[in-house]
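Examination of the molecular architecture
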Amino acid sequence: MLSKIRSRQNCPTALFPILLILAFITIIPETFAQIPNAAPAAAGVTARDNAAAESRRRVVLPPRSTNANDSSLHKATRIERRAFELINKARQEKGLSLLSWDPELCRMARAHSEDMEQRRFFSHETPDGLRMNDRARSFGIAHFKLLAENIAINQGFDDPGALAVEQWLLSPGHRANILDPRFEQSAVGVSVGADGTVYLTQEFIAR
């Protein structure tokens, strides 16, 4: 049987591929680890963001609906009240202060839900490019420490307000808004389309 014995001088060369493979295996877990998909995040803006936005051109939205004026809590719709009560229940279970209903936020929330329903979009930004802070300014909400918004859409459910809150609480970004101890006031605005699609918007504010 013929065989060759490599000299000692060749050993480092033979070991090099093995060492390279071991080094690569060591790097793999850190470099190529699977990154979880980002969870949907709710919109939020701080006072600093708002100050920067004020330096841009002021955008004024036209009034949307007459029922937006009936924005006190006792005139809230069944879906609006249901969602708001469940939000406060979630906060209470965590030992947080309850949110108080804010009529200005309700008008803003209802207008956005109605806009989404009428123009068939689902986003914190309108098709015209208006963001949450633009919409807030159009309703006279210009001075705040923190402002945030959750939106939801569903169809064919007996309790759309409860479903929206349930889904928000399952999403880290939306849940963070609901359970943020800095928020003091909130409101929910709902619009229901002719096909039964329910659009919900909830605003949060810390002044």
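Residues numbered from 1 in each chain as written. Predicted model: local features only at pLDDT ≥ 70, side-chain atom pairs only at ≥ 80, totals over all residues. Heavy atoms only, no water.

A word on the pattern of salt bridges
Just so we agree on the cut-off: Throughout this description, the term salt bridge denotes a Lys or Arg side-chain nitrogen within 4 Å of a carboxyl oxygen of Asp or Glu. Under the DSSP-based scheme used, a helix requires at least four consecutive residues in state H or I and a strand at least two consecutive residues in state E, with every element numbered from the N terminus. Throughout this description, buried means an accessible area under 20% of the type-specific maximum (1.4 Å probe, protein chains only), exposed means over 50%, and partly exposed covers the range between.
Considering all chains together, one arrives at 11 salt bridges under this definition. The shortest N-O distance in the salt bridge between Arg 110 and Glu 80 comes to 2.8 Å. Taken together, the residues span a long stretch of sequence, with Arg 110 in helix H4 (residues 103–119) and Glu 80 in helix H3 (residues 78–93) at a distance of 30 residues. Across this residue pair, the class does not change: Arg 110 and Glu 80 are buried. A salt bridge links Arg 119 to Asp 115, with the nearest nitrogen and oxygen atoms 2.8 Å apart. On the criterion of helical spacing, the pair formed by Arg 119 and Asp 115 is a turn pair, its members being four residues apart in helix H4.

Observations regarding the confidence of the model for the protein chain
Note the threshold: As a per-residue quantity, pLDDT reports the predictor's confidence and falls between 0 and 100. Contacts are residue-level and defined by heavy atoms, with any inter-residue pair within 4.5 Å sufficient.
The predicted model of the protein chain averages 76 in pLDDT, with 65% of residues at 70 or higher. pLDDT under 50 marks residues 1–11. Its contacts with residues more than four places away, or in other chains, come to one contact. For residues 46–68, every residue scores under 50 in pLDDT, and the model assigns this stretch 34 contacts once sequence neighbours within four places are set aside.

Thoughts on the nonpolar core
Put simply, the rule reads: Side-chain atoms within 4.5 Å link the members of a nonpolar core, which is a set of buried Ala, Val, Leu, Ile, Met, Phe, Trp, Tyr and Cys residues.
Core analysis: the largest hydrophobic core is formed by 35 residues, its most contacted members being Trp 168 and Leu 200. If one sorts the elements of this core by residue count, H3 sits on top with six residues. Each residue touching Trp 168, except ones within four places of it in the same chain, is listed here: Ile 87, Asn 150, Ile 151, Ala 152, His 174, Arg 175, Ile 178, Leu 200 and Gln 202.

Digging into H4
The condition is simple: Take the residue count of a helix, subtract one, and multiply by 1.5 Å to get its expected span.
Taking 1.5 Å as the rise per residue, H4 with 17 residues should run 24 Å; its terminal C-alpha atoms sit 24 Å apart, in good agreement. Burial analysis of H4 places 12 of its 17 residues in the buried class, the great majority of the element. Inspection of H4 places Leu 105, Cys 106, Met 108, Ala 109, Arg 110, Ala 111, His 112, Ser 113, Glu 114, Asp 115, Met 116 and Glu 117 among the buried residues, and these make up the whole buried set. Against H3, strand S2 (100–101), helix H5 (132–138), strand S3 (146–155), strand S4 (185–192) and strand S5 (197–206) lie the buried residues of H4. Among the residues trailing H4, Arg 120 stands out with phi positive, at a value near 55 degrees.

Topic: the packing of H3 against helix H6 (residues 160–170)
Stated precisely, the cut-off is as follows: Where helices are involved, their axes are fitted lines through C-alpha atoms of the stretch in contact, as for all axes, and angles between N-to-C directions lie from 0 to 180°. The handedness criterion is simple: a crossing whose near helix is rotated anticlockwise from the far helix by less than a right angle is left-handed, and one whose near helix is rotated clockwise is right-handed. Gly counts as polar in this scheme, as do all residues outside two lists: the nonpolar Ala, Val, Leu, Ile, Met, Phe, Trp, Tyr, Cys and Pro, and the charged Asp, Glu, Lys and Arg.
Interhelical geometry of H3 versus H6 gives an angle of 35 degrees and a closest axis separation of 7 Å. Our pair here, H3 against H6, has a crossing hand that is right-handed. Contact residues: H3 offers Ile 79, Arg 82, Ala 83, Leu 86, Ile 87 and Ala 90, while H6 offers Pro 160, Gly 161, Ala 162, Val 165, Trp 168 and Leu 169. Its residues placed into classes, the contact of H3 with H6 shows 10 nonpolar, one polar and one charged.

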